[in-house]
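Spelled out, the chains give:
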Amino acid sequence: MYGVSLFVVTAFVEMGTGVLLLFIPAVPLALLLGVREAAPEALLVARVAGVAVLAIGAASWLARNGEQSAADLGLLVGILIYDIGAAALLAFAGVGLGMAGLGLWPAVVIHAALAVWCLLNLRSRWPGGGK
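Residues numbered from 1 in each chain as written. Predicted model: local features only at pLDDT ≥ 70, side-chain atom pairs only at ≥ 80, totals over all residues. Heavy atoms only, no water.

Draft legend 1. Structural view of the overall build of the protein chain. Tallying secondary structure elements over the protein chain gives 5 helices and 0 strands in all. Reading the helices (α) and strands (β) of the protein chain from amino to carboxyl end gives α-α-α-α-α. Overall, the C-alpha framework of the protein chain stretches about 50 × 30 × 20 Å when taken along its three principal axes. For the protein chain, the proportion of its 131 residues judged to be buried stands at 31%. Surface summary for the protein chain: the accessible area is close to 7400 Å², and the carbon and sulfur share equals 75%. Averaged over its 6 positive side-chain charges, the protein chain has a centre that lies 10 Å from the centre of its 6 negative ones. (Helix = DSSP H or I, 4+ residues; strand = E, 2+ residues; numbered from the N terminus. Buried < 20%, exposed > 50% of the residue type's maximum accessible area, 1.4 Å probe, protein only. Areas by Shrake-Rupley, 256 points an atom, 1.4 Å probe, with all protein chains shown as cover. Lys, Arg positive; Asp, Glu negative; His and termini not counted. Charge placed at Lys NZ, Arg CZ, Asp CG, Glu CD.)

Structure, rendered in structure tokens:
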């Protein structure tokens, strides 16, 4: 079995973020991007993102005790793509767009660390990769 701890950590991080984005999107928008008052369109998109992140968290939670299977591999790759994308987009918001809240850079670091953790788990999946 691999990635059990990764799936548990991902589940907690993403389900917590998803619930916040879904029910009180103004809070994570302020914490991540420093947005004081978001437009209704931004709040709607944040809620849609919240549902997606909640789904990632739920899938991770359900896979926490799984065996090494094609489904687990697919979930791991999906989480890797998400974490790389989230880290890159959040970093761009800070550097390229000048948007930054108190939680922006910690979120970038968390997503980058989770991406590295995914890569390490994927590396162990290939023959000779875990040596």
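Draft legend 2. The arrangement of helix 4 (residues 70-95) in detail. Its 26 residues place the ends of helix 4 37 Å apart at the C-alpha level, agreeing with the 38 Å of an ideal helix rising 1.5 Å per residue. Those residues of helix 4 not exposed but buried are Asp72, Leu75, Leu76, Ile79, Leu80, Asp83, Ala86, Ala87, Leu90, Ala93 and Gly94. (Expected span 1.5 Å × (residues − 1).)

Draft legend 3. Main features of a nonpolar patch on the surface. Taken together, the side chains of Val19, Leu20, Phe23, Ile24, Val27, Leu31 and Leu102 present a nonpolar region at the surface, about 650 Å² in accessible area. Put simply, the parts of the chain that give the nonpolar patch at least two residues each are helix 1 (4-23) and helix 2 (26-33). Among the elements that make up the nonpolar patch, the one with the highest residue count is helix 1 (3 residues). As for its position among the elements, leucine 102 is in the loop between helix 4 and helix 5 (104-125). The exposure class of leucine 102 is exposed, given its relative accessible area of 76%. (Patch = residues over 30% accessible without salt bridge, like charges linked within 9 Å, V, L, I, M, F, W, Y side chains within 5 Å. Salt bridge = Lys/Arg side-chain N within 4 Å of Asp/Glu carboxyl O.)

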